[in-house]
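Fold and geometry: a report
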Amino acid sequence: MTVEILARVQFAFTVAIHYLYPPLSIGLGMALVMMEGLWLKTGNPVFHNMARFWTRIFALTFAIGVATGIVMEFEFGTNWATYSRFVGDIFGSALAAEGIFAFFLESGFLALLLFGWNKVGPRMHFFATCMVAFGAHFSAVWIVVANSWMQTPAGYHLERIVNGKPVVLPADHVVTTADLTSVRAVVDDFWAMVFNPSTIDRLTHVVLGAWMAGAFLIVSISAYYVLRKRHLDFARASLKIGLGFAAVASVLQMVSADFTAKGVVRNQPIKLAAMEGVYQTAPRTPMTLFGYVDTKKETVVGPKIPGLLSWLSWGSIDKPVAGLRDLPSAEFLRARHPGASPKEFPSLRKAYWPNVAAVFQFYHIMIIVGVALLGLVVIACYFWWRGWLFDTSRPLTRWLLLALVFSVLGPQIANQAGWFAAEMGRQPWIVYGLLKTSESLSRVVTANQIVTSLVLFALVYALLFAMFIFLLTRKIQHGPVDEEDEMPESWKALIRTTPRA
Amino acid sequence: MILPDLNLIWFVLVGVLFTGYAMLDGFDLGVGVLQLFVRKDEHRRLFLNSIGPVWDGNEVWLVTGGGALFAAFPEAYATVFSGFYLPFMLLLCSLIFRAVAIEFRSKEEWTWWRQFWDVAFSLGSLVAALLIGVAMGNIVRGIPLDADHEFAGTFLGLLNPYSLLMGITTVLLFAMHGAIYLAMKTEGELLEIVRGWIPRLIGLFLISYLLFNVYTLVDVPWVLETVRARPHVLFVVAANVLIVLNIPREIHKGRPFYAFLSSCTAMALMMATFGLTYFPNMVLSSPVPANSLTIINAASTQKTLGIMLVIAIIGVPLVLAYTASIYWVFRGKTSLTKHSY
């Protein structure tokens, strides 16, 4: 039990810290493509300066992303050896594909992006930027494929190794602890594994979350410059691009959120019930806007909109959303606990519920922050349209810009909360309905070893985070410098217009 | 139709990935080990920038090697990484420090700041090289496994003298490799300094390498037995000795690029020697060899190995193409610009 908790805490900590950086790389990568594309298209040196400045920020996030990411590649084996043996046949190929298709592409062209300004021509450089952004997205594809398979496993069957020979097990085989040395999941259909029922929804959701992280970072730093009246040409142009990007990503994210939640209703009803704190199955299932779960009384305290959850889930307010008291189903329990009488079912069910109070909160934090960001973007776009956005003599504009400066925290909070809801909501399973987290540990790893590594990473990551904030602040203070003097002749030839005032 | 032996192919491919890692990130780590031996800030910056554009891509060979091991031989991946828990956590921390030190070091002018990150870069590289060698030494020597292929040894047991000697040999090998790389990338005063190191590093490596081989014959009985059964391995060993001896020759002739190629080839031949003797084991169990993980009992299904082969056939040529292009773009002597570290 203790080892399980520690292994989970250690893994969650290292992956959560890691996940501060890749979304920024993905989002900023996309923005760099836009900026450099605009520079090539318009010849306006402001875009060149933007590409240069945001590349420096990108380099910082990318470096820490790489440094903390290498840990993740090995932690499946260190913390979850039994899991790795059980699913290696399926899960491993996604990780290997990520390495060979995404990481090599990213790291190779990153060299050109960061150090190639004077080594290759403008178009080749733009191509490198595109490849880095593409690689970052492609890496998201494979890792979300791998994780989605854990949420909604597909394209596999179970087999038992008997005297070195595999024997196929029936589809309804229940994996027991005793099975774990001889049974494993193996791939049937690679593409069914890749495009398992939740991959597309979750990939879209994750990538849009990453775009928002990048976009709001640009919005935040640009708004800070506008507020401080520094580098105004640069800041205005950056704020416009950042805001446009944030607006598109935030709106699409709402659509994606709807699809993703509908998928969870169908594929992982227990997770959905926990996210919304639904205990009782009843028509016109309400949606709680915010509040808390009273797990003793099995109710949610907080303002509710009647029927909204039913409508969002099924498109009809009369169709109920399954509540935790009916989950998992009686058939499931009969298969797992052949000796149990239906009277025991209510108490048996609780062993298959995640931590409802925590999942509810993480899910609601994500939604509240997401909606708040969308609201902020709508207001900012209205100001932009009315021509007030850069008029810092208006008190309202100053307040708005201040809110935009802090908006950078929003996507980070929402991304983290979303992942906590997704991963905690899957518990007690590591592979939904197939393998339990508690059975997936490394059998030879002790609590002491995990504590040691946890302390080690806590110290190292605290230092890294402090350095990240410190260097980011220094880069912001230093600001974009006019880089035209540094430009090679072939690049200067591209300048067509003078910067806008 | 003769079906290819996928298990064998993946045994070779995982070996190729880790060899690629040793050849490429080996010189990055070597440059790191040597970083503190130059004093001038400009020289240290030149060291960093000589590997600046490429170290990240080089490290991907390790990540992809780990991923390929996971996919092709999940049992080996699970056993080794859970068994070597603490050494691997330390390895990961050293690689983190190495990586961020390169990025952070030249961002500020303060002496203490640069000194701190220089030490982090150097120690990170040194400890990483040492631990990679120690892990390799344990794999060669064999580790205690139980009937379920779980690691049955201890942390201190991993720090046996044989594996530590392998660790030291690896550090010296990488330092030599790094110095040869630097001889290609530096010029002037710094090149003279680096040139002065190379014979000594070659000498130290050769002594350590010789000791390691003698120790292997004494301490690891299966090696001699296997070589008796597979005498063709001796050709590879002979080629390896020749190519190692060619390194000082090329240096003497003032051809660092050929010396670098020789040192890369030496690494490949060392791995080949290891592979040819170790086959078909993936993780040798000692003292109960029956519990060993092999390319059969550690492997994924034929289906997955086949899918992975398709992925490799598509991916590897692409990887080689852009790796070669990047090295081509950044060829020649390193110079410092505004965008340098």
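1. Digging into the overall build of chain A
From N to C terminus, chain A includes 17 helices and nine strands. Relative to a compact globule of 501 residues, whose C-alpha radius of gyration would be 23 Å, chain A shows 25 Å and is just as compact. Judged by the C-alpha coordinates and their principal axes, chain A covers about 80 × 55 × 40 Å. Looking at chain A as a whole, 50% of its 501 residues are labelled buried.

2. Describing the overall build of chain B
The helix and strand inventory of chain B stands at 13 helices and two strands. In summary, chain B has a C-alpha radius of gyration of 20 Å against a globular reference of 20 Å for 341 residues, a match within 12%. Seen through its principal axes, chain B has C-alpha atoms that stretch 55 × 45 × 40 Å. Long-range contacts, defined here as pairs at least 24 residues apart, represent 79% of the contacts in chain B between residues at least 6 apart.

3. With respect to the packing of helix α5 (residues 122-151) of chain A against helix α7 (residues 199-228) of chain A
All names here are of chain A. Interhelical geometry of α5 versus α7 gives an angle of 135° and a closest axis separation of 9 Å. By the angle class used here, α5 and α7 are oblique. Relative to α7, the crossing made by α5 is right-handed. Between α5 and α7, the contacting residues are His 137, Ala 140, Val 141, Val 144, Val 145 and Ser 148 on the first element and Thr 199, Arg 202, Leu 203, Val 206, Val 207 and Ala 210 on the second. Classifying every residue of the contact of α5 with α7 by side-chain character gives eight nonpolar, three polar and one charged.

4. Overview of the nonpolar core
Residues Ala 31, Trp 54 and Ala 215 of chain A together with Ala 72, Leu 92, Val 100 and Ala 179 of chain B are the most contacted members of the largest nonpolar core, which totals 272 residues. In this structure, Trp 54 of chain A is in contact with Leu 28, Ala 31, Leu 32, Met 35 and Ile 218 of chain A, ignoring residues within four places of it in sequence.

5. Here's the deal with the interface of chain A and chain B
At the interface, 59 residues of chain A touch 56 residues of chain B. Broken down by secondary-structure element, the contributors of at least two residues to the side of chain A that touches chain B are α3 (45-79), α4 (81-115), β3 (183-187) and α16 (447-478) of chain A. Looking at the side of chain A that touches chain B element by element, the count peaks at 23 residues for α4 of chain A. Among the residues making up the side of chain A that touches chain B, the classes are represented as 34 nonpolar, 18 polar and seven charged.

6. A word on the sheet that holds strand β1 (residues 156-162) of chain A
Two pairing modes exist for strands in a sheet, parallel and antiparallel, and in both the strands are linked by backbone hydrogen bonds. Residues and elements named next belong to chain A. Overall, antiparallel pairing links the three strands, which are arranged β2-β1-β3 in an open sheet. The sheet is open, and its two edges are formed by β2 (165-168) and β3, each paired on a single side. Each neighbouring strand pair of the sheet contributes to a mean axis angle of 45°, computed without reference to strand direction. Bridge analysis of β1 against β2 gives four bridges, and the strand direction is antiparallel.

7. A word on the environment of Ala 179 of chain B
Residues and elements named next belong to chain B. Looking at where Ala 179 falls in the secondary structure, it is placed in helix α8 (residues 161-185). By C-beta crowding, Ala 179 is classed as buried, having 29 other C-beta atoms within 10 Å. Remark: the alpha-carbon pair of Ala 179 and Val 33, spanning 146 residues in sequence, is separated by 9.7 Å. Non-local contacts of Ala 179, meaning those with residues more than four positions away in its chain, are made with Gly 30, Leu 34, Val 194, Trp 197, Ile 198 and Leu 201.

8. Digging into the packing of α3 of chain A against helix α5 (residues 85-104) of chain B
Packed helices, taken two at a time, are described by the angle between their axes plus the distance between the axes. As a packed pair, α3 of chain A and α5 of chain B sit with axes 9 Å apart at the nearest point and diverge in direction by 170°. The orientation of α3 of chain A with respect to α5 of chain B, classified from their angle, is roughly antiparallel. Here Leu 60, Ala 63, Ile 64, Val 66, Ala 67, Thr 68, Ile 70, Val 71, Phe 74 and Thr 78 of chain A of α3 of chain A lie close against α5 of chain B, whose contacting residues are Tyr 85, Phe 88, Leu 92, Leu 95, Ile 96, Ala 99, Val 100 and Glu 103 of chain B. Counted by class, the contact of α3 of chain A with α5 of chain B contains 15 nonpolar, two polar and one charged residues.

9. Side note on α7 of chain A
Along its 30 residues, α7 of chain A runs 43 Å from first to last C-alpha, staying within 8% of the 44 Å computed at 1.5 Å per residue. Just downstream of α7 of chain A lies Lys 229 of chain A, where phi reads positive at about 55°.

10. Overview of the pairing of β1 of chain A
All names here are of chain A. Inspection of the sheet shows β1 paired to β3 by five bridges, in the antiparallel sense. Following the sheet pairing, Arg 160 is matched in β3 by Val 183. Between β1 and the antiparallel strand that follows it, β2, lie two residues; Asn 163 among them carries a positive phi value of about 50°.

11. Regarding unusual backbone geometry
Residues and elements named next belong to chain B. In the segment running from Phe 279 into Pro 280, the intervening peptide bond is cis, with an omega of 5°. Mapped onto the secondary structure, Pro 280 falls in the loop between α12 (256-278) and β1 (281-283). With omega at 15°, the peptide bond leading from Ser 286 into Pro 287 counts as cis. Relative to the elements of secondary structure, Pro 287 occurs in the loop between β1 and β2 (293-294). One non-glycine residue, His 149, adopts positive backbone phi at about 65°. Counting through the fold element by element, His 149 comes out in the loop between α6 (111-141) and α7 (155-158). Exposure remark for His 149: the 23 C-beta atoms within 10 Å place this residue in the buried category.

12. Examining the environment of Phe 151 of chain B
Structurally, the position occupied by Phe 151 of chain B is in the loop between α6 and α7. With 26 C-beta atoms packed within 10 Å, Phe 151 of chain B lands in the buried category. Spatially, the C-alpha atoms of Phe 151 of chain B and Val 80 of chain B are 7.5 Å apart, while their sequence positions differ by 71 residues. Setting aside chain neighbours within four positions, we find Phe 151 of chain B in contact with Val 444 of chain A together with Thr 79, Ser 82, Gly 83, Ile 143 and Leu 145 of chain B.

13. Looking at the confidence of the model for chain B
Residue and element names in this part refer to chain B. When pLDDT is averaged along chain B, the result is 91, and 99% of the positions lie at 70 or above. The least confident element of chain B is helix α10 (residues 221-229), whose mean pLDDT is 88; the most confident is α8, at 95. If you check the scores for this complex, the pTM reads 0.92 and the ipTM reads 0.89.

14. Quick notes on the environment of Gly 307 of chain A
Residue and element names in this part refer to chain A. Note that Gly 307 resides in the loop between β7 (304-305) and α10 (308-314). Since 17 C-beta atoms lie within 10 Å of it, Gly 307 is described here as partly exposed. Counting along the chain gives 180 residues from Gly 307 to Met 487, while the straight-line C-alpha distance between them is 61 Å. For Gly 307, the residues in contact, after removing those within four places along its chain, are Arg 284, Pro 286 and Ile 317.

What counts and what doesn't
- In every chain, residue numbers begin from 1 and rise along the written sequence.
- Starting at A for chains and at 1 for ligands, labels are handed out in the order in which the entities are written.
- Only residues with pLDDT of 70 or above have their local features reported here, since the model is predicted, and side-chain atom pairs are shown and tallied only from 80 upward, although totals for entire chains, interfaces and linings are computed over all residues.
- Numbering of helices and strands runs from the N terminus, with a helix taken as a DSSP run of H or I at least four residues long and a strand as a DSSP run of E at least two residues long.
- Radius of gyration: C-alpha atoms only; globule rule: 2.2 Å multiplied by the number of residues to the exponent 0.38.
- Residues are called buried when their C-beta atom has 20 or more other C-beta atoms within 10 Å, exposed when it has 12 or fewer, and partly exposed otherwise; all C-beta atoms are positioned from the backbone.
- Each residue is represented by a C-beta atom placed from its backbone, and any two residues with such atoms within 7 Å are regarded as in contact.
- The axes are straight lines fitted to the C-alpha atoms, using for helices just the contacting stretch, and the angles between their N-to-C directions are given from 0 to 180°.
- Just so you know how the angles are binned, under 35 degrees is roughly parallel, over 145 roughly antiparallel, 65 to 115 roughly perpendicular, and the rest oblique.
- Crossing handedness is defined as follows: a turn of the near helix away from the far one that is anticlockwise and smaller than a right angle gives a left-handed crossing, while the clockwise case is right-handed.
- All residues other than Ala, Val, Leu, Ile, Met, Phe, Trp, Tyr, Cys, Pro, Asp, Glu, Lys and Arg, Gly among them, are scored as polar; the first ten of these are nonpolar and the last four charged.
- Joined through C-beta atoms within 7 Å, a set of buried Ala, Val, Leu, Ile, Met, Phe, Trp, Tyr and Cys residues constitutes a nonpolar core.
- DSSP bridges decide pairing: two strands pair if at least two such bridges lie between them.
- Expected span of a helix: the number of residues minus one, times 1.5 Å.
- Within a predicted model, pLDDT stands for the predictor's per-residue confidence, ranging from 0 to 100.

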